[in-house]
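# Observations on the three-dimensional arrangement
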Amino acid sequence: MKNKDYGVVILAAGKGTRMHSDLPKVLHTLLEKPLLGYLLDATSSVTHRWIVVGHGHHLVEAAFPEQVSSMVLQAEQLGTGHAVREAWPRVVASGVEYVCVLSGDTPLVQADCLDALVASCRSAGAAVGFVSVMLDDPTGYGRVVRDPSGAVQAVVEDKDLARLGVDAGIREVNAGVYALRVQDVGPLLERLDTANAQAEYYLPQVIPLARESGLRVAAVPAETAEDFWGVNSPAQLVALEEVVRRRVVDMWRRRAVIVRMPQSVRIGPDVELSPGVELTGPVEIYGKSQIMAGSRVESHVWMRDCRLEGATVRAFSHLEGAVLGPGCVVGPFARLRPGTVLEAGARVGNFVETKKAHLGPGVKAGHLSYLGDAVIGAQTNIGAGTITCNYDGVRKHTTHIEPHAFIGSNTALVAPVTVGEGAVVGAGSVVTKDVPQGMLCVARARQVHLPWRRKEKDHAGES
Ligand code: UD1
Ligand code: CA
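The following paragraphs examine the structure supplied in this document. (Residues numbered from 1 in each chain as written. Chains lettered and ligands numbered in written order. Predicted model: local features only at pLDDT ≥ 70, side-chain atom pairs only at ≥ 80, totals over all residues. Heavy atoms only, no water.)

### Observations regarding the environment of Leu203
- In this fold, Leu203 is placed in the loop between helix H6 (182–190) and helix H7 (206–212).
- Expressed as a C-alpha distance, the spacing of Leu203 and Gly81, which sit 122 residues apart in the sequence, is 3.7 Å.
- Ignoring anything within four residues of it in the chain, the contact list for Leu203 reads Thr80, Gly81, Val84, Val101, Tyr178, Leu180 and Leu189. (Helix = DSSP H or I, 4+ residues; strand = E, 2+ residues; numbered from the N terminus. Contact = heavy atoms within 4.5 Å.)

Laid out in structure tokens, this is it:
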């Protein structure tokens, strides 16, 4: 439900120079979810929301296609103040009284905090409000400078501290989360300049400009400092990821999930787990995975966007986009790729790879196989080393195996091909034609026995 009475601008145009990566910073991930995704979730109930994109904007658009209509292009990244200025015509046109400005690289900001920030600006009659936070290590952040009466005078960026003679030891910093009263701040944005160490238009310059104009400025202290940690370097990214990881794991432990070795379990924020599910060691579960009651995930399993409906995934398996029905057992050392569906009781064993493969109830593929673009009927047995040859170099083709078939070991099924119900394929066959139901197919070179005699060993040359 869209119900907020303020707008939101998310600044996501920066390059993230300090990340030393070509990826736009907001596409870096915490637990496999892009930073921008966190802020979109936190502001999902805001009707008027814009995202300022610039550096690598095609990549950001591609990652969030449903947001493209709310993206505003900042073609040149001339600073946070300039970024807000680019979005401003749309902010004004929306008619909101206040607009919150968030930094795409400060992803843990919560919706409640924005509500509280806007509410305290309203009650204080402030034109500019921002969240301030106390950090043990304020390096890299803008420091909050107060006058002797305690009123906020300015935010001074790390790189300008020396020039302006501001004490680098000030621990109160600007979190980069603002509420701006649209009517008052528009004219201030016009007056921003670039007279600073980075020659950029700084958004925090609206603070002294507001004061000069006799407008009120409110600094609202953060309740949880960690919610305002920014991601400016790889080390900060990992530190913040650890915060999210711990929060998510603790939440699931409180909801009766058995998490053994909780310090080494990584669960994405959009994963759902049912009470009683067991994770038995270091595992990674990401995306929109759903692990339902009766499921068990053993150590060193990596999975994304999977649904386990009461299945067991044994150690060292890698699963993506797979659905595992009740009683399925996968691994150890299995690889399930997108489009894999295992119906109740199916088993996929060690060194088996599946892709777009539908295994009916009770199918067993125990060892060393590739099953790609395959539809396999109930109770079929897939022998060790079976390969579906699904690619002819141009196109992919499907292998159909009807129920109760038996595929002997080391069989190559050259798709498109169908093995009929109850048919048996002899080991080592290369199947290129459909096998009728109930028949035994043997498609391999015949074994021949030819007369042959071992040559006498010649010892003549030896001394
Ligand atoms: C900014 C604040 C600083 C604050 C800190 C909190 C400024 C000048 N400084 O510093 O006071 O303590 O955040 O985390 O605002 N961006 C654009 N377009 C641009 C420049 C930046 O969209 O032209 C975006 C970036 O992608 C980023 C956000 O704005 O998401 C903040 O920019 P960044 O360069 O990270 O600012 P900081 O130096 O961290
Ligand atoms: Ca930043």
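Now, onward.
### Some words on the site of ligand 1
- Taken together, 26 residues lie near ligand 1, and Gly14, Gln74, Thr80, Glu157 and Asn174 sit nearest.
- Here an oxygen atom of ligand 1 sits 2.9 Å away from a polar atom, N or O, in the main chain of Ala13.
- Between Gly79 and ligand 1, the recorded distance is 2.8 Å, taken from a backbone N or O atom to an oxygen atom.
- Taken by itself ligand 1 offers 740 Å² of open surface, and the protein chains cover 91% of this.
- The set of elements that each furnish at least two residues to the shell around ligand 1 consists of strand S1 (7–12), helix H3 (80–94) and strand S10 (172–181).
- With 3 residues, S10 is the largest single contributor of residues to the shell around ligand 1.
- In terms of residue class, the shell around ligand 1 is built from 10 nonpolar, 12 polar and 4 charged. (Near = heavy atom within 4 Å. Polar contact = N/O pair within 3.5 Å; in protein donor to acceptor, adjacent residues only side chain to side chain. Areas by Shrake-Rupley, 256 points an atom, 1.4 Å probe, with all protein chains shown as cover. Nonpolar A, V, L, I, M, F, W, Y, C, P; charged D, E, K, R; others polar.)

### Quick notes on the nonpolar core
- Counting 64 residues, the largest nonpolar core has Leu279, Met303 and Leu324 as the members making the most contacts within it.
- At the level of secondary structure, the elements contributing two or more residues to this core comprise helix H1 (35–42), helix H8 (234–254), strand S16 (284–286), strand S19 (302–304), strand S23 (322–324), strand S27 (347–359), strand S28 (364–376) and strand S34 (417–419).
- A per-element tally of this core places H8 first, with 7 residues.
- Both domains that meet at this core, namely domain 1 (7–228) and domain 2 (234–441), each give it at least three residues.
- Sequence-distant contacts of Leu324, defined by excluding residues within four places in its chain, comprise Arg307, Leu308, Glu309, Ala311, Val313, Leu319, Val330, Leu336 and Leu342. (Core = buried A, V, L, I, M, F, W, Y, C linked by side-chain atoms within 4.5 Å. Buried < 20%, exposed > 50% of the residue type's maximum accessible area, 1.4 Å probe, protein only. Domains from an automatic or database assignment.)

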